[in-house]
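Given next are the chains, with one letter for each unit.
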Amino acid sequence: GIQVEQSPPDLILQEGANSTLRCNFSDSVNNLQWFHQNPWGQLINLFYIPSGTKQNGRLSATTVATERYSLLYISSSQTTDSGVYFCAVEPQEDGGTSYGKLTFGQGTILTVHP
Amino acid sequence: ETGVTQSPTHLIKTRGQQVTLRCSSQSGHNTVSWYQQALGQGPQFIFQYYREEENGRGNFPPRFSGLQFPNYSSELNVNALELDDSALYLCASSLVRGNTEAFFGQGTRLTVV
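What you see is a predicted model, and the numbers here were worked out from it, not measured in a lab.

**Student:** Any chance you could break down the sheet that holds strand β1 (residues 5-7) of chain B for me, citing the residues and the numbers?
**Tutor:** Residue and element names in this part refer to chain B. Pairing within the open sheet is antiparallel, and its four strands lie in the order β1-β3-β8-β7. Only two strands of the sheet have a single partner each, and these edge strands are β1 and β7 (64-68). For this sheet the average axis-to-axis angle between neighbouring strands, irrespective of direction, equals 20°.

**Student:** If you had to explain the interface of chain A and chain B to someone new, which residues and values would you point to?
**Tutor:** Each side of the interface is counted separately: chain A has 21 residues, and chain B has 22 residues. Interface area for chain A against chain B, summed over the two sides, is near 1,700 Å², with a carbon-plus-sulfur share of 47%. Seen at the junction of chain A and chain B, the total is zero salt bridges. Of all the secondary-structure elements, those providing two or more residues to the side of chain A that touches chain B are β4 (29-37), β5 (43-48) and β9 (83-91) of chain A. Broken down by element, the side of chain A that touches chain B gets its largest block of residues, five residues, from β4(A). Within the side of chain A that touches chain B, the residues separate by chemical class into eight nonpolar, eleven polar and two charged.

**Student:** Residues and numbers for the pattern of salt bridges, please.
**Tutor:** Any two side chains of opposite charge can pair, given that their charged atoms come close. Within the structure shown, the criterion is met by six salt bridges over all chains. A salt bridge links Arg68(A) to Asp27(A); the nearest nitrogen and oxygen atoms lie 3.9 Å apart. Of this pair, Arg68(A) sits in the loop between β7 (59-64) and β8 (69-74) while Asp27(A) sits in the loop between β3 (19-25) and β4, and the two are 41 residues apart along the sequence. Two residues, Glu75(B) and Arg22(B), come together in a salt bridge whose shortest N-O distance is 3.5 Å. Pair noted here: Glu75(B) is in strand β8 (residues 74-78) and Arg22(B) is in strand β3 (residues 19-24), with a separation of 53 residues, a long-range link. A relative accessible area of 15% means that Glu75(B) is categorised as buried. Look at Arg22(B) and you get partly exposed, because its relative accessible area is 43%. In this structure, a network of salt bridges that share partners links the residues Arg63(B), Glu82(B) and Asp85(B).

**Student:** So what's going on with the sheet that holds strand β6 (residues 52-56) of chain A? Which residues, and what values?
**Tutor:** All names here are of chain A. The strand order across the open sheet built from five strands is β1-β3-β8-β7-β6, with neighbouring strands paired in antiparallel fashion. Of all strands in the sheet, those bounded by a partner on one side alone are β1 (4-7) and β6. Going from strand to strand, the sheet's axes swing by 15° on average, the running direction of each strand aside. In this sheet, β8 lies alongside β3 in antiparallel orientation, the contact comprising six bridges. Along β8, the bridge assignment pairs serine 19 with isoleucine 74.

Rules used throughout
Residues numbered from 1 in each chain as written. Chains lettered and ligands numbered in written order. Predicted model: local features only at pLDDT ≥ 70, side-chain atom pairs only at ≥ 80, totals over all residues. Heavy atoms only, no water. Pairing = 2+ DSSP bridges. Helix = DSSP H or I, 4+ residues; strand = E, 2+ residues; numbered from the N terminus. Axes fitted to C-alpha atoms, helices over the stretch in contact; angles between N-to-C directions. Contact = heavy atoms within 4.5 Å. Buried area = accessible area lost by both parts, 1.4 Å probe. Salt bridge = Lys/Arg side-chain N within 4 Å of Asp/Glu carboxyl O. Nonpolar A, V, L, I, M, F, W, Y, C, P; charged D, E, K, R; others polar. Buried < 20%, exposed > 50% of the residue type's maximum accessible area, 1.4 Å probe, protein only.

See below:
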């Protein structure tokens, strides 16, 4: 099956710093999502980004599907950005269809200190 | 419009028992998927239900089973609980089966003792 690798596994920042999280995947995908998991376990949707670039406030994401990677940028980080960030992909099945099964990476644990 | 809701939020069961977890999908969504997240890991796909039928299954044994109801809500049943079944169980709903954004509930944290 498809492999999803996230880097770095851990990231420690001072408040106000910028960071880039990376997600590499091993095969063609029809869907890619970035999530932030809060301390209570809920996955918060950040971006639905199978290709291209999107921005939402201090966060932005870029997916280059042909090169099989995605980047999540966090600017001017705040302590509330702390948590685990997951990349999840929906593999493209034979014939180009897909069925909504998401494969997750292992996550990046972000800690932002005041 | 309500989001994805799961119940209960926490549960403690004894090894060998059976458990049922519930999920209400987001309004208008006809597809529900279940995931298991062990401590320190990313979520793992268990199975998906589309229009009341199982529509794909991950690498989980048959004692993990499910149902989807006409209102698109869903249940996850686990029989003969094992200690390794202790995990956060997440439900996701989406508008259609694939090529669309998935939205997750807050999860049910199951502890098997």
